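Chain by chain, the residues:
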Amino acid sequence: MTLLDRARSGITDEIRFVSDSEGIDAEVIRNLLCKGEIVILQNNSKRADPVGVGSMLSTKVNANVGTSTTSSSLEEEVEKARAGVESGADTVMDLSTGGNLDLIRQSILGAVNAPVGTVPLYQAACKHTSIADISSDEMFNVLRQHCRDGVDFVTVHAGVNRNSLRELESSNRILGVVSRGGAITTAWMLQHDSENPFYSEFDYLLEILSEYDVVASLGDGMRPGCIHDSSDRPEYTELITLGELVERCRRAGVQCMVEGPGHVPLDEIETSVRAMKYLSKGAPVYLLGPLVTDLAPGYDHFTAAIGGAIAGMHGADFLCVTTPAEHLALPTSEDIRNGVMVTRIAAHAIDLVKDGQRKSARRMDNEIARARRDLNWQRQLELAIDPEHARRTHSRSKETDVCSMCGELCAIKVMNDTTKK
Ligand code: SF4
């Protein structure tokens, strides 16, 4: 039985674990899990501690790692996975497409105590020089292999089907399809003049996920790749299909979440997230960004965090890290660290206004504010989201009770001295 099946009859160990780590009553979590508003990421091999994602729970952060076809080093990708988790990422996705993919995935699974996700279709595509040569059996076999290895969640672009493709062909997009999984699926469908196997044989896909209790992350293969392409018919057509697939996941006892765009201007983010929540009947929303402008390569960890924070305010539950290398190169460990930190800031900003998290998140802000008021530097640096970075910056100030920003005209000191008299 899957966790979702077991949760329907009572509180499970996984629910208890998430309840303790989130400080939320186990019955509340069980109820939300049964409704599909929460997922708990943990393969039935129980390789890593479970992590909950969704309503009422703290906003989670995922770090992507993985080789590419032009750059591949097993050691570097394992190091990046560790760097992501050490910087505070809750999960890691291995998106490798170069080198020994089985070994890289298994090494990452062995290196981190965090749920790991993958996109199995990438590996099926890597086996061939032409996408047309991938067989539908291979797609499912690779998926099964990932589940058997202990992967906790998989992105499947099952919503890319003939309907969304028709909308794509008649759209005026600048960038067409920018999702890697979406592009592979689209190319395969066009070359075979056939339906997407992950869509047409979705029940079989669910059987595999159910066997290993792996969470389905329903990918957004038609996500907009630039501001111009945002909120168009291909995107929303796919989203309607994803809503239908969510219901089929739940009926099969498979937990699922829905992935979202992409590149979205500020004034469309609320509608986009609310539509995802509405069409998926409250499934956890996992966002890639959204990036709020196309103009900032090199700074896209900021453009994504701005969009992520606004999306979270309207219901997004899970933020995928965008690094400063986005659109430019394969990220380094340092890029991953920077991306995770900026995304964690967005996630905490969301928690400050999120039902279920508001109180504990505000307690943390109040504690650092009191340390700041008391000019208690040690405590303030300890409580910072990135203590090491804060400490390094503060070390530029001389060792006095104030910092070098305002010196003896420190407003806090002036007021503390004045009110003490
Ligand atoms: S010196 Fe200025 S910046 Fe530094 S703690 Fe005092 S008020 Fe804040």
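Structure's up top.
This section reports on the structure supplied with the text. Residue positions are given per chain, counted from 1 along the sequence in the order it is written. Whole-chain, interface and lining totals are the exception, using all residues; otherwise, since this is a predicted model, local features are given only for residues with pLDDT of at least 70 and side-chain atom pairs are given and counted only at 80 or more.

This part takes up the overall build of the protein chain. Put simply, DSSP H or I for four residues or longer makes a helix, DSSP E for two residues or longer makes a strand, and each gets a number counted from the N terminus. In terms of regular secondary structure, the protein chain is built from 19 helices and 10 strands. With the radius of gyration taken over C-alpha atoms, the globule rule is written as 2.2 Å times the number of residues to the power 0.38. For the protein chain, the C-alpha radius of gyration of 22 Å lies close to 22 Å, the compact-globule estimate for 421 residues. Seen through its principal axes, the protein chain has C-alpha atoms that stretch 80 × 50 × 40 Å. Counting only residues that meet the buried cut, the protein chain has 48% of its 421 residues in that class. Of the contacts made within the protein chain by residues no fewer than 6 positions apart, 72% connect residues no fewer than 24 positions apart. To sort residues by exposure, count the other C-beta atoms lying within 10 Å of each residue's C-beta; 20 or more gives buried, 12 or fewer gives exposed, and values between give partly exposed, all with C-beta atoms placed from the backbone. Whether two residues are in contact depends on their C-beta atoms, placed from the backbone: they are in contact if these lie within 7 Å.

On to the site of the ligand. The environment of the ligand is made up of V402, C403, M405, C406, C410, A411 and I412. Along the lines of polarity and charge, the residues of the shell around the ligand split into seven nonpolar, no polar and no charged. Only the C-beta atom matters for this test: placed from the backbone, it must lie within 6 Å of a molecule or strand for the residue to be near it. Following the grouping adopted for this structure description, the nonpolar residues are Ala, Val, Leu, Ile, Met, Phe, Trp, Tyr, Cys and Pro, the charged ones are Asp, Glu, Lys and Arg, and the polar ones are all others, Gly among them.

Sheet faces and side chains relate simply in a regular strand, where the side chains alternate between the two faces. By the alternation rule, side chains of strand β6 (residues 153-156) split into F153 and T155 and V154 and V156, which are all buried. When strand β5 (residues 116-118) meets β6, the two strands line up parallel, connected through two bridges. Looking at β6, one finds that T118 is bridged to V154. Pairing geometry for β6 and strand β7 (residues 215-218), over four bridges, is parallel. From the neighbouring strand, T155 faces β7, where its bridge partner is S217. Two strands pair if DSSP finds at least two bridges between them.

Our next topic: the packing of helix α8 (residues 162-169) against helix α12 (residues 233-251). One way to put it is that α8 packs onto α12 with a least axis distance of 8 Å and a crossing angle of 170°. When the interaxial angle is binned, α8 and α12 end up roughly antiparallel. Residue-level inspection shows N163, S164, E167 and L168 of α8 in contact with α12, the latter providing R233, P234, T237, E238 and T241. In terms of residue class, the contact of α8 with α12 is built from two nonpolar, four polar and three charged. Axis definition: a line fitted to C-alpha atoms, limited for helices to the stretch in contact. Angles are taken between N-to-C directions and run from 0 to 180 degrees. Angle categories: roughly parallel below 35 degrees, roughly antiparallel above 145, roughly perpendicular from 65 to 115, and oblique for all the rest.

Once that is clear, we can look at the environment of V285. Relative to the assigned elements, V285 resides in strand β9 (residues 285-288). Beyond its immediate chain neighbours, meaning those up to four positions away, V285 contacts V258, G260, V273, M276, K277, G315, A316, D317 and F318.

Another point: the nonpolar core. Put simply, a nonpolar core is a cluster of buried Ala, Val, Leu, Ile, Met, Phe, Trp, Tyr and Cys residues tied together by C-beta atoms within 7 Å. One finds V92, A216, L218, C256, M257, V258 and L287 to be the most contacted residues of the largest nonpolar core, which totals 103 residues. If sequence neighbours within four positions are ignored, V258 has contacts with L218, L242, V246, M276, S280, A283, V285 and Y286.

What follows deals with the pairing of strand β1 (residues 38-41). Residue alternation in β1 divides its side chains into two sets, I38 and I40 and V39 and L41, and both sets are buried. Here four bridges tie β1 to strand β2 (residues 51-54), and the two strands are oriented antiparallel to one another. Its bridge partner lying in β2, L41 is registered against V51.

On the secondary structure map, G99 appears in the loop between β4 (91-94) and α5 (101-111). For G99 and S73, which are 26 residues apart along the polypeptide, the C-alpha to C-alpha distance reads 7.4 Å.

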